[in-house]
Amino acid sequence: MAKLARSPTASPPAAAAERHRSAAGSGLRSLASAASGWWDRWAVMDSGLSKLERAFGDQFPEGERYFGLENFGNTCYCNSVLQALYYCAPFREQLLEYYSKNRNLEDAEENLLTCLADLFSQISASKKKTGVIAPKRFIQMVRKLNEYFRGYMHQDAHEFLNFLLNEIVDILEKESSSAKDSPGTTSPEMVSNGAAVDGVRKEPLVTWVHKNFQGTLTNETRCLMCETITAKDETFFDLSVDIEQNSSLTSCLKNFFSTETLNADDKFFCDKCCSLQEAEKRMKIKKVPQTLVIHLKRFKFIEQLNRNKKLSYRVVYPLELKLSSSSSDAVADCEYSLFAVVVHLGSGPNQGHYVAKIKSHDHWLSFDDDNVEMIPESALQTFYGSSREYSGNTDHGYILFYERIGGNGDEKTDSSDGV
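Residues numbered from 1 in each chain as written. Predicted model: local features only at pLDDT ≥ 70, side-chain atom pairs only at ≥ 80, totals over all residues. Heavy atoms only, no water.

Caption draft 1: Looking closely at the overall build of the chain. Along the backbone of the chain there are 10 helices and 20 strands. Counting only contacts in the chain whose residues sit at least 6 apart along the sequence, the fraction spanning at least 24 positions is 67%. With the model as given, the accessible surface of the chain reaches about 23400 Å², and the carbon-plus-sulfur share is 49%. (Helix = DSSP H or I, 4+ residues; strand = E, 2+ residues; numbered from the N terminus. Contact = heavy atoms within 4.5 Å. Areas by Shrake-Rupley, 256 points an atom, 1.4 Å probe, with all protein chains shown as cover.)

Caption draft 2: Fine view of the environment of E93. Tracing the sequence through the fold places E93 in helix α5 (residues 89-102). With 27 residues separating them in the primary sequence, E93 and F120 have C-alpha atoms 9.7 Å apart.

Caption draft 3: Local environment of the sheet that holds strand β3 (residues 215-223). One open sheet holds the 4 strands; their spatial order is β4-β3-β10-β7, and the pairing between them is antiparallel. Here the strands that pair on one side only, and so sit at the sheet edges, are β4 (229-236) and β7 (260-262). This sheet shows a mean twist of 30 degrees between the axes of neighbouring strands, independent of strand direction. As defined by bridge partners, β3 adjoins strand β10 (residues 279-287) across 8 bridges and the pair is classed as antiparallel. Across the sheet, residue L217 finds its bridge partner in β10, namely I285. (Pairing = 2+ DSSP bridges. Axes fitted to C-alpha atoms, helices over the stretch in contact; angles between N-to-C directions.)

Caption draft 4: Here's a closer look at the pairing of strand β16 (residues 334-345). The element β16 is extensively covered by neighbouring structure, given that 10 of its 12 residues are classed as buried. Looking at chain direction, strand β15 (residues 320-323) and β16 are connected through 4 bridges and run antiparallel. Bridge pairing links L321 to Y336 in β16. Looking at chain direction, β16 and strand β20 (residues 395-404) are connected through 9 bridges and run antiparallel. In the strand pairing of β20, A340 is matched with F401. (Buried < 20%, exposed > 50% of the residue type's maximum accessible area, 1.4 Å probe, protein only.)

Caption draft 5: The pairing of strand β13 (residues 307-310), seen in detail. Two strands pair when backbone bridges link them, and strand β12 (residues 299-302) and β13 are joined in this way by 4 bridges, in the antiparallel orientation. From the neighbouring strand, I302 faces β13, where its bridge partner is R307. Linking β12 to β13, which pair antiparallel, is a turn of 4 residues; within it N306 sits at a positive phi near 60 degrees.

Caption draft 6: Inspection of helix α6 (residues 112-124) at higher detail. End to end, α6 covers 18 Å across 13 residues, agreeing with the expected 18 Å (1.5 Å per residue, within 8%). Burial within α6 is extensive, with 10 of its 13 residues counted as buried. Where α6 begins, one side-chain oxygen reaches toward the backbone nitrogen of L113, 3.0 Å away; that side chain belongs to N111. (Expected span 1.5 Å × (residues − 1). Polar contact = N/O pair within 3.5 Å; in protein donor to acceptor, adjacent residues only side chain to side chain.)

Caption draft 7: Local environment of the nonpolar core. F91, F138, F160, V209 and F401 are the most contacted members of the largest nonpolar core, which totals 62 residues. By residue number, the principal contributor to this core is helix α8 (residues 157-180), which donates 10 residues. Contact partners of F91, with chain neighbours within four places excluded, come to L85, L116, F120, L165, I168, W208, V209, N212 and F213. One finds V315, V341, F383 and L400 within the second-largest nonpolar core, a separate group that totals 34 residues. (Core = buried A, V, L, I, M, F, W, Y, C linked by side-chain atoms within 4.5 Å.)

Caption draft 8: Representation of the packing of helix α4 (residues 76-86) against α8 within the structure. Running from N to C, α4 and α8 point in directions that differ by 55 degrees, and their axes come no closer than 9 Å. Viewed along their axes, α4 and α8 adopt a mutual orientation that is oblique. As α4 packs across α8, the resulting crossing turns out to be right-handed. Contact with α4, carried on its side by Y77, C78, S80, V81, L82 and L85, involves A157, F160, L161 and L164 of α8 and no other residues of that element. Class assignment for the residues of the contact of α4 with α8 results in 9 nonpolar, 1 polar and no charged. (Parallel < 35°, antiparallel > 145°, perpendicular 65-115°, else oblique. Left-handed = near helix turned anticlockwise from the far one by under 90°. Nonpolar A, V, L, I, M, F, W, Y, C, P; charged D, E, K, R; others polar.)

Shown next as structure tokens:
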């Protein structure tokens, strides 16, 4: 690289002229020096702000906190789900309420729920607006309870979500049972509907987890011989739907609720006919959840390969989702708004990485373990999937979280004719 040429030494007359110009410009340099000092002091003050705080500027949400979570080797599956749950407003509020009621109980035994509540409390009560927290105690408890998560292999975020929600429900049910043995200690959140009185059978306990995530499906089977309809209700915390190439979430849900014919080797045993008969089977939503969680089944067992394969199919998921029906006994359409997407990055089910894309106060953010940054809404389209089977794009939406717009989820709706 060529060096810059040095200026020749000035002659005596030129030097005198230079001294004159220097004296004349000393005042300007003094002003420039003062301005530079002010800039340096401002820069020092500004250096105390995180990149995310500078991105928000004066629009940083009042009272909100944005913290990344440290990764303990392979815990991105856990971190991404925890971030989605933290920004599920009703779940967070009720968990923090549970924490405030139970944190001073001396005989309280540490469990997964108390560890999660403590973690959420650390974030929400932090004096800093942004930062990083190490969920060490929570991870230790997860590994203690479930050997599946103890190793350092790649784990499934959807399986972890199911494990976590069901474990919390089990803990709340045990606490409710213990509270019944101690008169006067039962809280309203722990009371089951139609509690047993004088031996009368009680209804299952409804916790705040159920109130947030639980919906009810009705599995209907109609015998084509006698027209008898057999119906069975089943609850769900999330809907796992099959996906197809170059499709949309709406079309995938329509397939989920479509009518299936049972014939040949799949005939239905009709109790009224007392024999195997051809039948029609369909799923309907009887009760919609407040928070609708949809799991896109991207990992499928391929018999020819004798292993699971990741489906990189392009599935467009909308920011606003409407569950609708033409059924005469259906209520008004149920509308949902997308607020979180757990994304799987990688080419297969046994390798890769998980991140969460979350909407908070009308801003979309990316949570990649300990890194949190603002992203444009248009970035969500990046994670729809690939329109071709072989593509360099391996970042795909995996778990979608929708919050109900209006309503409390108690109404019934029929999704058999459309979504």
